[in-house]
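Survey of secondary and tertiary structure
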Amino acid sequence: MLQRGVFSWTSLFAEYMRNGLQAQILDIFFQMQSEGVRPNTFTFASALASAATGGELQKGTIVHGQLIKSGHEATVFVCNSLMNMYSKCRLIKNSKSVFEALEHRNSISWNSMMAGLVSNGSYTEALEFYFQMRVEGIKPTQSSFVTAINICANLKNLVFARQLHGCVVKEGYGLDGNSLTALLVAYIKCAEMEDALKLFYLTPETRNVVSFTALIGGCAQNGSNDRAAVIFSEMRKDGVEPNDFTYSTVLTAAPMVSPFLIHCLLIKTRYECFPSVGTALLDAYTKFGNLDDALMVFEKIEDKDVVAWSAMVASYSQAGDTEASIRLFMEMAREGVVPNQFTISSIINVCASATAGVDQGRQFHAESIKLRLQDDICVSSALLTMYAKKGSIENAYKVFERQSARDLVSWNSMISGFARHGYGKKALDIFADMEAQGLEMDDITLIGVIMACTHTGFVEEGKRYLNLMVKEHGIRPTMEVYACMVDLYGRAGELEEAMKLIKGMPFEADAMVWRVLLGVCRVHRNMELGEIAAENLIKLEPQDSAAYVLLSNIYAAEGEWEKRGRIRRMMEERRVRKEAGLSWIQVRNKVHAFMASDTSHALSDQIYRKLEEMKLRLREKGYVPDTNFVLHDLEDEHKEALLAQHSERLAMAFGLISTPEGSPLQIVKNLRVCGDCHTVMKLMSDIEGREIVVRDSNRFHHFKGGSCSCGDFW
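Residues numbered from 1 in each chain as written. Predicted model: local features only at pLDDT ≥ 70, side-chain atom pairs only at ≥ 80, totals over all residues. Heavy atoms only, no water.

**Comments concerning the overall build of the protein chain**
- What the protein chain contains, in helices and strands, is 38 helices and six strands.
- The C-alpha radius of gyration of the protein chain comes to 34 Å, more than 25% above the 27 Å expected for a compact globule of 714 residues.
- Each of the 714 residues in the protein chain was classed as buried or not, and the buried ones make up 49%.
- Here the contacts in the protein chain between residues at least 6 apart in sequence split such that 63% fall between residues at least 24 apart.
- Total accessible area computed for the protein chain in this model is approximately 34,400 Å², and 51% of it derives from carbon and sulfur atoms. (Helix = DSSP H or I, 4+ residues; strand = E, 2+ residues; numbered from the N terminus. Rg over C-alpha atoms; globule rule 2.2 N^0.38 Å. Buried < 20%, exposed > 50% of the residue type's maximum accessible area, 1.4 Å probe, protein only. Contact = heavy atoms within 4.5 Å. Areas by Shrake-Rupley, 256 points an atom, 1.4 Å probe, with all protein chains shown as cover.)

**Details of helix α12 (residues 193-202)**
- Along α12, the residues classified as buried are Met193, Asp195, Ala196, Leu197, Leu199 and Phe200.
- Buried-residue contacts for α12 involve α10 (158-170), α11 (177-189), α13 (209-221) and α14 (225-237).

**Quick look at the sheet that holds strand β6 (residues 707-708)**
- Taken in spatial order, the six strands line up as β2-β1-β3-β4-β5-β6 in an open sheet, and their pairing is mixed. Each edge of the open sheet carries a strand with a single partner, namely β2 (590-595) and β6.
- Sheet analysis places strand β3 (residues 665-669) next to strand β4 (residues 692-695), joined by four bridges and oriented parallel. Its bridge partner lying in β4, Gln666 is registered against Val693.
- Contacts from helix α37 (residues 647-658) reach β1 (582-587), β2, β3 and β4, with the element oriented near 15° to β1.
- Here helix α38 (residues 675-688) sits on the sheet in contact with β3, β4, β5 (700-704) and β6, set at roughly 40° to β5. (Pairing = 2+ DSSP bridges. Axes fitted to C-alpha atoms, helices over the stretch in contact; angles between N-to-C directions.)

**Observations concerning the pairing of β2**
- Bridge count between β1 and β2: six bridges; the pairing is antiparallel. Considered in β2, the bridge of Gln586 is made with Val591.
- The turn linking β1 back onto β2 is made up of two residues, and Arg588 within it adopts a positive phi angle of 50°.

**Here's the deal with the pairing of β3**
- β3 sits mainly inside the fold: four of its five residues count as buried.
- Across three bridges, β1 lies against β3 in antiparallel orientation. In the sheet register, Ile585 faces β3, and the bridge partner there is Ile667.
- The parallel pair β3 and β4, bridged by α38, forms a crossover whose chirality is right-handed. (Right-handed = clockwise from strand over helix to strand, strands pointing away.)

**Looking at the side chain of Thr445**
- With respect to the secondary-structure elements, Thr445 resides in helix α27 (residues 443-454).
- Residue Thr445 is classed as buried on the basis of its relative accessible area, which comes to 1%.
- Each residue touching Thr445, except ones within four places of it in the same chain, is listed here: Leu408, Asn412, Ile415, Phe431, Met434 and Met469.

**Quick notes on the nonpolar core**
- Among the nonpolar cores identified, the biggest contains 186 residues, and Leu215, Ile262, Ile348 and Leu517 are the most heavily contacted of them.
- With nine residues, the single largest contributor to this core is helix α29 (residues 479-491).
- Among all residues touching Leu215, those that are not within four sequence positions of it are Leu184, Ile188, Met193, Ala196, Leu197, Phe200 and Ile231. (Core = buried A, V, L, I, M, F, W, Y, C linked by side-chain atoms within 4.5 Å.)

**A closer look at unusual backbone geometry**
- Phi is positive for Arg90, which is not a glycine, with a value near 65°.
- Within the secondary structure, Arg90 is located in the loop between α5 (76-88) and α6 (92-101).
- A relative accessible area of 54% means that Arg90 is categorised as exposed.
- Of note, the phi angle at Asp303 is positive, near 50°, even though the residue is not glycine.
- Position of Asp303 relative to the elements: it lies in the loop between α18 (291-300) and α19 (306-318).
- Classification of Asp303 as exposed rests on a relative accessible area of 72%.

**With respect to the pattern of salt bridges**
- Using the criterion set out here, one finds 27 salt bridges in the structure.
- Note that Asp544 and Arg515 form a salt bridge whose closest N and O atoms lie 2.9 Å from each other. Of this pair, Asp544 sits in the loop between α32 (527-540) and α33 (545-557) while Arg515 sits in helix α31 (residues 511-524), and the two are 29 residues apart along the sequence.
- You can call Asp544 buried: its relative accessible area is 17%.
- One continuous salt-bridge network, built from bridges that share partners, spans Lys610, Glu613, Arg617 and Glu688. (Salt bridge = Lys/Arg side-chain N within 4 Å of Asp/Glu carboxyl O.)

**Comments concerning the packing of aromatic side chains**
- Summed over the entire model, instances satisfying the criterion amount to 25 aromatic pairs.
- On the numbers, 5.3 Å between centres and 80° between planes, the contact of Phe200 with Tyr201 is edge-to-face.
- Its relative accessible area of 0% is what places Phe200 among the buried residues.
- Each member of the aromatic cluster is reached from another via a ring pair, and the members are Tyr397, Phe400, Trp411, Phe418 and Tyr423.
- Across from the ring centre of Trp411, 5.3 Å away, lies the NZ or CZ of Arg406, which sits over that ring. (Phe/Tyr/Trp six-rings, centres within 6.5 Å; stacked < 30°, edge-to-face > 60°. Lys NZ or Arg CZ within 6 Å of the ring centre and 35° of its normal.)

**Observations concerning helix α1 (residues 6-18)**
- Compared with the 18 Å implied by 1.5 Å per residue over 13 residues, the 18 Å span of α1 between its first and last C-alpha is a close match.
- Phi turns positive one or two residues past the end of α1, at Gly20, with a value near 70°. (Expected span 1.5 Å × (residues − 1).)

**Regarding the side chain of Ser325**
- Among the secondary structure elements, Ser325 is positioned in helix α20 (residues 322-334).
- For Ser325, a relative accessible area of 0% corresponds to the buried category.
- A polar contact is formed between the side chain of Ser325 and the backbone oxygen of Asp321, at a distance of 3.0 Å.
- In this view, Ser325 contacts Val313, Tyr316, Ser317, Ile347 and Val350; residues no more than four positions away in its chain are not counted. (Polar contact = N/O pair within 3.5 Å; in protein donor to acceptor, adjacent residues only side chain to side chain.)

**Section: a nonpolar patch on the surface**
- Among the surface-exposed residues, Met17, Phe42 and Phe77 lie close enough to one another that they form a single nonpolar patch of about 240 Å² accessible area.
- Structurally, Met17 is set in helix α1. (Patch = residues over 30% accessible without salt bridge, like charges linked within 9 Å, V, L, I, M, F, W, Y side chains within 5 Å.)

**Side note on the environment of Asn698**
- Along the chain, Asn698 turns up in the loop between β4 and β5.
- Assessed through its relative accessible area of 25%, Asn698 is described here as partly exposed.
- Taking C-alpha positions, Asn698 is 22 Å from Gly361, a pair spaced 337 residues apart along the chain.

**A look at the packing of helix α23 (residues 377-389) against helix α25 (residues 408-420)**
- One way to put it is that α23 packs onto α25 with a least axis distance of 9 Å and a crossing angle of 10°. If you check the angle between α23 and α25, you find them roughly parallel. Here Ile377, Ser381, Leu384, Thr385 and Ala388 of α23 come into contact with α25, specifically with Val409, Ser410, Ser413, Met414 and Gly417.
- Here the contact of α23 with α25 is composed, by residue class, of five nonpolar, five polar and no charged. (Parallel < 35°, antiparallel > 145°, perpendicular 65-115°, else oblique. Nonpolar A, V, L, I, M, F, W, Y, C, P; charged D, E, K, R; others polar.)

**Concerning the packing of helix α26 (residues 424-436) against helix α28 (residues 459-473)**
- Where α26 meets α28, the closest approach of the two axes is 14 Å, and the angle between their N-to-C directions is 15°. Accordingly, the angle class assigned to the pair α26 and α28 is roughly parallel. In the crossing of α26 with α28, the sense of the turn from one axis to the other is left-handed. Where α26 abuts α28, its residues Leu428, Phe431 and Glu435 lie against Tyr465, Leu468, Met469 and His473.
- Its residues assigned to classes, the contact of α26 with α28 shows five nonpolar, one polar and one charged. (Left-handed = near helix turned anticlockwise from the far one by under 90°.)

Right, dumping it as structure tokens:
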């Protein structure tokens, strides 16, 4: 065209908008001006819509300046585009300024303002604008109702959503697909699934891929996985093709929806390569324990995003595969994918496992600081838990103190952490702070508090806290809570009270409760109650070795060798295998495992020489072996030899010869540490001038300067 006027440019803009090419209009707008053509209101509105689409704030602001110069700043539909542009660029204050400057506002102006507030997360203020619009006599349009219903969904305001439903029907929009879908989503988000299903089945207009997906997700979120599976089947029968969001959503309904079936459909539709769908599928396989299938899905995902990597790291974490988790995290770093807070928290959770070393956890703590994620609530909670589980309760408390915001996990982890490490008073102080702030509590809080009382012998305090939590906080005691109370009474020697509590429970005692009672009967050598506890435990779990071993130990301690032999023969007949006692210690990033009387270690000769040296130094301190902890019918000399070769002592001896003088030792044992070894550890911490931390099956023991954090009460 030799001559191009504003109407030619306007026609060109209209065609670009019709073909979904809004993002390119802005450049054409500036080209038009370079040719000396002055914009009109339509070209201004088109340019602002283009700036909104691409988030081009700087260019949009230039257009705003030109709009003011041209004298069109009072034109309503241009200002509506201007409000939309500022809202999309996250400058909601500028949108409000434009709105307030308008002398004449139409329904689109109000709708634009409400939609802008919603997109910026200001739901309450958006609802206030809706009420103000009604007060000023502006009749809501179908778009106004949809926006208002979406606001109710986000605020979970069921009462107003129902009122809007009535208005929608009254105004003649009752069969409008957008309005019905918005209402459906609102009912789902307000957990009114019966109303959502009724609306869905009574109005065929709602039956599209969006509403089907929303309904499937709502059922899954509200615990109706079976219904989610039925709706997915109906969707396919109706000929509605699922999209990637549908597949991602329906996979959350596993196990009612088979991931194997969905995987077949995904292969046919090629959706398995989508990051969102592939991530949901590998997560579903992880729930089934199929790590190999999860890894296969992960490898097929194209353009893996951080969510996919994080999900795979979390899968290995849940399976307790420390090495694979760390290996995958390193591979992710090599691929140039920056971890987010969920990746970091998953890998830190891996480091809390028994086989991982505290040094690995510290390295990922450093990584979180480098990425400025250490203050994120899920990362800091993972760090707190990791340090508490790895024996570094001081570092756990430092993380807790630095938390700007704390969730229930943080408080519970700190209470149970102090309790397990023998600092019952500190655990109860944390609980007092929690109570003073009026924070919500749960049964995990209660378990942590009772555990703190258990490990310090505060029986009366434990009773008081149980009554307090039940009466004032409305927490119903679970089986685990009752097991903790049985442990509390039992450790304090009040075995009759423990039995009375079991008989008064509102439900039948499970294996955990009887196992706890049997354990304390072993400590206090109560053969009569021990036999009752063992009998009940064997009925519930006939293949659990704990019942047989603990009862045989009680018999051995009482010198009832014939009864002990009968229990051992019963184990052989029933093919019940006793769990072997193992102790681990990590030195220079390598974990070394020991069994009692173990001679398989490469430094075995040096370890046993160290044990002989320890024996001499212990005798100088007045140590006399307590042979009551050897539950075999042997001469005392042989009993002493067996005691000296317990797995925890071998691990300690190895640690002493393999680490610098004065450095702390950390030992993990899968069973309860024996009383004689406990005495030896105390004395050796003083002799060697070292802190020795032992994590056994019950708790942590911090040996330092000849004493233990448990106060000899464990």
